[in-house]
Amino acid sequence: MVDPLAEVVLLLQPTARFSKNVIGAGAWRVHRSDAGQPFYCAVLEGSCRLTLDGREPLVLEAGDFALVPAAFGVTMSSLEVPTDTANSLPVEQSPGIFRIGDADKPIDLRILAGHCSFGSQDAALLVSLLPELVHVRGEERLATLVHLVGQESRERRPARELILTRLLEVLLIEALRSNASAASPPGLVRALTDARLAAAIRAMHGQPSRSWTVTDLAKVAALSRTTFFERFSRAVGMAPMAYLLAWRMALAKDMLRRREVAVADVAERVGYASASTFSVAFSRHVGKPPTQYAREAEGANEG
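Values in this document were obtained by computation on a predicted structure and should not be read as measured data.

Asks: Residues and numbers for the packing of aromatic side chains, please.
Replies: In total, this model carries 5 aromatic pairs according to the counting rule given. Between Phe232 and Tyr243, the ring centres sit 5.9 Å apart and the planes meet at 75°, which makes this aromatic pair edge-to-face. Here Phe232, found in helix H8 (residues 225–236), pairs with Tyr243, found in helix H9 (residues 240–258); they are 11 residues apart in sequence, far enough to count as distant. Since its relative accessible area comes to 0%, Phe232 is described here as buried. Measuring from centroid to centroid gives 5.6 Å for Phe278 and Phe282, while their planes differ by 50°, and the two rings are tilted. Pair noted here: Phe278 and Phe282 are both in helix H11 (residues 275–286), with a separation of 4 residues, about one helical turn. For Phe278, a relative accessible area of 0% corresponds to the buried category. The class for Phe282 is buried, based on a relative accessible area of 0%. Taken together, the ring pairs connect Tyr272, Phe278, Phe282 and Tyr293 into an aromatic cluster.

Given below as structure tokens:
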């Protein structure tokens, strides 16, 4: 069976930037801007605050896991509000282990934190299908995965990059599905908790070349056309045909970057009757024709 969530994560092409163990004591505050890069952390002991720019602070407790698929401004701090608004400077005590806060006070916090990158040139589109913040409580599997990512990133063993890529894929999927509920923010994860919408999404992913209409998808979901359209738009955050177009273009970009098939074949695989109609749609969506996109992608890979 087609798994839409797994497909999105695989297309994102996550790669590790760094992972570290952080121990803290007393009052401290760290703010950083990551230009849309993913950030994750697992709290092993103690509590702290996590604040995304424009959102209310979130208290993280021991056993909590947080994932921000696209972090632009992140502040982490102690529960005790520091009197100094300046950033605290973590001090590396040993490889991969950093201390923050008051060096003279007993340790009251241990976390595993990391940053990764998405290799896909279509990452912004794919990330838009995911929740802005994932917060999971009491899932030991996630802390174990974060620990394995940190351990692997610090050791130079054979096949390190491959192992890290697979661990990150599993970490992201596990975090997203652990957070899935009808109360999740609009996006793919929330929609997949609705069995009827999930059936339609799996159909789109399983047969992207089919000439789908809203009526066809409503039948797959066993809903009326109006009910399906409204329910899908509310859960995903975009209309069904907009989602289908976004997914088709993500697949097309991936195939064009790989240069494994001709443009006409790409067009057929993503549901267009001819290369010319596909080229018009692709140019409107991406801002350049598919042949130019493929050439530029190949040049970037060679560089």
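Let's pick the thread back up.
Asks: Please provide a residue-by-residue account of the sheet that holds strand E1 (residues 14–25), values included.
Replies: Here we have 7 strands laid out as an open sheet, ordered E8-E9-E1-E10-E3-E6-E11, and mixed in their pairing. Lying at the two open borders of the sheet, with one neighbouring strand each, are strand E8 (91–94) and strand E11 (134–137). For this sheet the average axis-to-axis angle between neighbouring strands, irrespective of direction, equals 25°. When E8 meets strand E9 (residues 97–101), the two strands line up antiparallel, connected through 3 bridges. What sits directly across from Glu92, in E9, is Phe98. Across the sheet, helix H3 (residues 140–154) lies against E1, strand E3 (37–45), strand E6 (64–71), strand E10 (109–118) and E11, angled at about 105° from E1, the strand it touches most. Against the sheet, helix H4 (residues 160–178) engages E1, E3, E6, E10 and E11, with an angle of about 70° to E1.

Asks: Let's hear about the nonpolar core: which residues, and what values?
Replies: Membership of the largest hydrophobic core comes to 69 residues, with the highest contact counts inside it found for Tyr40, Phe65, Leu171, Phe228, Tyr243 and Phe278. Element by element, the count of residues in this core is highest for H9, at 10 residues. Every residue in contact with Phe65, bar those within four places of it in the chain, is listed here: Tyr40, Cys41, Ala42, Val134, His135, Val136, Leu142, Val146, Leu171 and Ala175. Counting residues in each nonpolar core, the second largest holds 20 residues, with Leu60, Ala66, Ala71 and Met76 among its members.

Asks: Give me the pattern of salt bridges: which residues, what numbers.
Replies: All told, the structure shown has 13 salt bridges when counted by the stated rule. Ionic pairing is found between Glu152 and Arg157, a salt bridge with its closest N-O pair at 3.1 Å. On the basis of relative accessible area, Arg157 is assigned to the partly exposed category, the value being 45%. For Arg177, the salt bridge goes to Glu174, with nearest N and O atoms at 2.8 Å. On the criterion of helical spacing, the pair formed by Arg177 and Glu174 is a turn pair, its members being 3 residues apart in helix H4.

Asks: Go over the environment of Asp254 with me, naming the residues and quoting the values.
Replies: With respect to the helices and strands, the residue Asp254 is situated in helix H9. Since its relative accessible area comes to 10%, Asp254 is described here as buried. Dropping the residues within four chain positions of it, Asp254 is found in contact with Leu11 and Gln13. Looking at Asp254, its side chain comes within polar contact range of the side chain of Arg258, at 2.9 Å.

Asks: Outline the packing of helix H1 (residues 4–12) against H9, listing residues and values.
Replies: Where H1 meets H9, the axes come as close as 11 Å, and the angle between the chain directions of the two elements is 40°. In terms of axis orientation, H1 runs oblique to H9. When the axes of H1 and H9 are compared, the crossing they make is left-handed. Across from Glu7, Val8 and Leu11 in H1, the residues of H9 making contact are Trp247, Ala250, Leu251 and Asp254. Residue composition of the contact of H1 with H9, grouped by class: 5 nonpolar, no polar and 2 charged.

Parameters and conventions
Residues numbered from 1 in each chain as written. Predicted model: local features only at pLDDT ≥ 70, side-chain atom pairs only at ≥ 80, totals over all residues. Heavy atoms only, no water. Phe/Tyr/Trp six-rings, centres within 6.5 Å; stacked < 30°, edge-to-face > 60°. Helix = DSSP H or I, 4+ residues; strand = E, 2+ residues; numbered from the N terminus. Buried < 20%, exposed > 50% of the residue type's maximum accessible area, 1.4 Å probe, protein only. Pairing = 2+ DSSP bridges. Axes fitted to C-alpha atoms, helices over the stretch in contact; angles between N-to-C directions. Contact = heavy atoms within 4.5 Å. Core = buried A, V, L, I, M, F, W, Y, C linked by side-chain atoms within 4.5 Å. Salt bridge = Lys/Arg side-chain N within 4 Å of Asp/Glu carboxyl O. Polar contact = N/O pair within 3.5 Å; in protein donor to acceptor, adjacent residues only side chain to side chain. Parallel < 35°, antiparallel > 145°, perpendicular 65-115°, else oblique. Left-handed = near helix turned anticlockwise from the far one by under 90°. Nonpolar A, V, L, I, M, F, W, Y, C, P; charged D, E, K, R; others polar.

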